Amino acid sequence: MASTPLYEPAGTNPIRRNQRKYTVRRWSVRHARLLEWFYTVFADLLLELHPLWNLIGYSRVEGTVVVLERAAKGFLFDCQMCGQCVLSSTGMSCPMNCPKLLRNGPCGGVRANGNCEVEKEMPCVWTEAWKGSQQMKGGDKIETVQLPHDQSLRGTSSWLRSTAMRAEERGK
Ligand code: SF4
């Protein structure tokens, strides 16, 4: 009979999640194609509204947009508001939910059932990312190497940031 260890660490996950079923997160991955389409339309709409954001000032609207973005993406993806969203390259599975915060594929510890080495009840975000990317039109973006995450962007709006970047690229 296996003996109980004398010391078990209270928690090794920096995100400190409660036990849960990950139902909505899995739904998002299963519907990655639909969400990809929706995101394309939504991003174009935000870009169309660039003159308005510019008029009001991006920094003035950011507070409100952050609240909306956190609520919507928190519900659908368990978004951690990294400020540098890569969902379109990761099959709509948020890599910031990896306890090791890996943004370029899984570690070597994925369990045989596809779950995480650290959180055994949680599907590995990268096995999910692969599944989601297989359904997406731009699924091959999963092969793009992501740059290290810029920690100074934490808690900021990816929506506004990418809108401003696209507007700048188009000389708007
Ligand atoms: S990649 Fe970043 S912004 Fe996108 S869902 Fe994950 S934590 Fe949120």
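Just above sits the structure.
Since the structure is predicted, the reported quantities are computational estimates derived from the model, not experimental observations.

Asks: Quick question: what am I supposed to make of the environment of Cys82 here?
Replies: Looking at where Cys82 falls in the secondary structure, it is placed in the loop between helix 4 (58-77) and helix 5 (125-133). Counting along the chain gives twelve residues from Cys82 to Cys94, while the straight-line C-alpha distance between them is 9.9 Å. Ignoring any residue separated from it by four or fewer positions in sequence, one finds Cys82 in contact with Met96, His149, Leu153 and Arg154.

Asks: Teacher, can you tell me more about helix 2 (residues 32-48) here?
Replies: One turn of an α-helix holds 3.6 residues; hence residues three or four places apart share an orientation. Spanning 17 residues, helix 2 covers 24 Å between terminal C-alpha atoms, matching the ideal 24 Å at 1.5 Å per step. All of the buried residues along helix 2 are Ala32, Leu35 and Glu36. Projected down its long axis, helix 2 carries its buried residues within an arc of 100°, all on one side. Opposite the buried face of helix 2, at more than 90 degrees from it, the exposed residues are Phe38, Val41, Asp44, Leu45 and Glu48. Its buried side turned inward, helix 2 meets helix 1 (23-30) and helix 5.

Asks: I tried to follow the environment of Gln80 on my own but got confused; where do I start?
Replies: Along the chain, Gln80 turns up in the loop between helix 4 and helix 5. C-beta crowding within 10 Å serves as the criterion here: with 18 such atoms nearby, Gln80 is assigned to the partly exposed category. Each C-alpha atom of the pair Gln80 and Arg154 lies 8.4 Å from the other, and the pair is 74 residues apart in sequence.

Asks: Sorry, what's going on with helix 1 here?
Replies: Within helix 1, the full set of buried residues consists of Arg25, Ser28 and Val29. Looking straight down helix 1, one finds its buried side chains confined to an arc of 100°; they lie on one side. Opposite the buried face of helix 1, by more than 90 degrees, sit the exposed residues Thr23 and Trp27. Taken together, the buried residues of helix 1 touch helix 2, helix 4 and helix 5.

Asks: Whenever I open this one, the nonpolar core confuses me. Can you help?
Replies: Side chains of nonpolar character tend, in soluble globular proteins, to be buried together. Ranked by internal contacts, the top residues of the largest apolar core, which has 20 residues, are Ala32, Leu87, Met92, Cys94, Val125 and Trp126. Of all the secondary-structure elements, those providing two or more residues to this core are helix 2 and helix 5. Counting residues per element, this core draws most heavily on helix 5, at three residues. Once residues within four sequence positions are removed from consideration, Ala32 is found in contact with Gly91, Met92, Gly132, Gln135 and Met136.

Asks: How should the environment of Ser88 be read in this particular structure?
Replies: Mapped onto the secondary structure, Ser88 falls in the loop between helix 4 and helix 5. Judged by local crowding, Ser88 falls into the buried class, with 20 C-beta atoms found within 10 Å. Each C-alpha atom, one on Ser88 and one on Ala32, is 8.8 Å from the other, the two residues being 56 residues apart in sequence. Once you skip the residues sitting within four places of it in the chain, Ser88 turns out to touch Glu36, Tyr39, Gly138 and Lys141.

Each value, and the rule that gives it
Within every chain, residues take consecutive numbers counted from 1 along the sequence as written. pLDDT decides what is reported in this predicted model: residues at 70 or higher carry local features, side-chain atom pairs at 80 or more are listed and counted, and totals for whole chains, interfaces and linings draw on all residues regardless. By the criteria applied, helices consist of DSSP H or I runs no shorter than four residues and strands consist of E runs no shorter than two, each listed in order from the N terminus. Placing C-beta atoms from the backbone, we regard two residues as in contact once those atoms come within 7 Å. Every helix has an expected span of 1.5 Å times one less than the residues it contains. Field definition: a residue is buried when 20 or more other C-beta atoms are found within 10 Å of its C-beta, exposed when 12 or fewer are, and partly exposed for counts in between, with C-beta atoms placed from the backbone. Within this analysis, the arc is defined by the directions that extend from the helix axis to the C-beta atoms. By convention the nonpolar core is taken to be a set of buried residues drawn from Ala, Val, Leu, Ile, Met, Phe, Trp, Tyr and Cys and joined through C-beta atoms within 7 Å.

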